[in-house]
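If you want the building blocks of each chain, they are given just below.
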Amino acid sequence: NTSAFTGVWQVGTAASDTGDTSATLERLETDGSVLTATAPAGSTSLSIATPLGPLWTTTADDCPFDVNVGGWQVTVTAVSGSSSPQTFTVNPTAQLLTANSAVKLWRQASLGL
């Protein structure tokens, strides 16, 4: 059974400007994003500061995507804000997320040769 390895062998694709919701889309990582305030389990909104890198996408069809918040997988359903901090609308969190936790893509893109 190779189904457990399917994700490892998938080739990422670049997104179109609009209307591209492929499961294999690759996303660029931001730099230095952090959770600005502690969020209790069940939270559906997170405040994310990105002082160093580009801001997170606010384009509706770029969602959903998963992020790693302090080691926990969180699904982002929308992003708003044209400056840092931005607001992430998320599926209800399963656990407490602590302030200043790093926020990164859950599965970062990697380049192959």
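One structure accompanies this document, and this report is about it. (Residues numbered from 1 in each chain as written. Predicted model: local features only at pLDDT ≥ 70, side-chain atom pairs only at ≥ 80, totals over all residues. Heavy atoms only, no water.)

## Brief notes about the overall build of the protein
Thought 1: Secondary structure assignment for the protein yields one helix and six strands.
Thought 2: Counting all 113 residues of the protein, 27% fall into the buried class.
Thought 3: Restricting to contacts in the protein with at least 6 residues of sequence separation, those with at least 24 account for 58%.
Thought 4: As displayed, the protein offers around 7100 Å² of accessible surface, 55% of which is attributable to carbon and sulfur atoms. (Helix = DSSP H or I, 4+ residues; strand = E, 2+ residues; numbered from the N terminus. Buried < 20%, exposed > 50% of the residue type's maximum accessible area, 1.4 Å probe, protein only. Contact = heavy atoms within 4.5 Å. Areas by Shrake-Rupley, 256 points an atom, 1.4 Å probe, with all protein chains shown as cover.)

## Examining the packing of aromatic side chains
Thought 1: Under the counting rule described, the total for this entry stands at three aromatic pairs.
Thought 2: Aromatic side chains tryptophan 56 and phenylalanine 88 sit 5.4 Å apart centroid to centroid with 85 degrees between the ring planes, which places their arrangement in the edge-to-face category. With tryptophan 56 in the loop between β2 (45–49) and β3 (65–69) and phenylalanine 88 in strand β5 (residues 86–90), this pair connects stretches of sequence that are 32 residues apart. Summarising the burial analysis for this pair, tryptophan 56 and phenylalanine 88 share the class buried.
Thought 3: Centre to centre, the rings of phenylalanine 65 and phenylalanine 88 are 6.5 Å apart; their planes meet at 75 degrees, and the pair counts as edge-to-face. (Phe/Tyr/Trp six-rings, centres within 6.5 Å; stacked < 30°, edge-to-face > 60°.)

## Describing the pairing of β2
Thought 1: Here two bridges tie strand β1 (residues 34–35) to β2, and the two strands are oriented antiparallel to one another. When the sheet's bridge partners are listed, leucine 35 is paired in β2 with isoleucine 48.
Thought 2: In terms of strand pairing, β2 meets β5 through four bridges, oriented antiparallel. Note on β5: the bridge partner recorded for serine 47 is threonine 87. (Pairing = 2+ DSSP bridges.)

## Structural notes on the nonpolar core
One broad rule of soluble globular proteins: the nonpolar side chains tend to lie buried together.
Thought 1: Of all hydrophobic cores here, the largest spans 17 residues; its most connected members are Leu46, Trp56, Phe65, Val67, Phe88 and Val103.
Thought 2: Among the secondary structure elements, those contributing two or more residues to this core are β2, β3, β4 (72–80), β5 and β6 (103–105). (Core = buried A, V, L, I, M, F, W, Y, C linked by side-chain atoms within 4.5 Å.)

## Considerations on the side chain of serine 101
Thought 1: Within the element layout of this structure, serine 101 appears in the loop between β5 and β6.
Thought 2: At a separation of 2.7 Å, a polar atom in the side chain of serine 101 contacts the main-chain carbonyl oxygen of threonine 98.
Thought 3: Ignoring sequence-local partners within four residues, the contact set of serine 101 consists of Ser33, Val34, Leu35, Val69 and Gly70. (Polar contact = N/O pair within 3.5 Å; in protein donor to acceptor, adjacent residues only side chain to side chain.)

## Some thoughts on the sheet that holds β1
In sheet architecture, strand pairing relies on hydrogen bonds along the backbone and comes in two forms, parallel and antiparallel.
Thought 1: Judged by pairing direction, the sheet is antiparallel, and its six strands sit side by side in the order β1-β2-β5-β4-β3-β6 without closing on themselves. Each having just a single partner strand, β1 and β6 make up the two edges of the open sheet.
Thought 2: Pairing of β3 with β4, which is carried by five bridges, proceeds in the antiparallel orientation. Bridge pairing links valine 69 to tryptophan 72 in β4.

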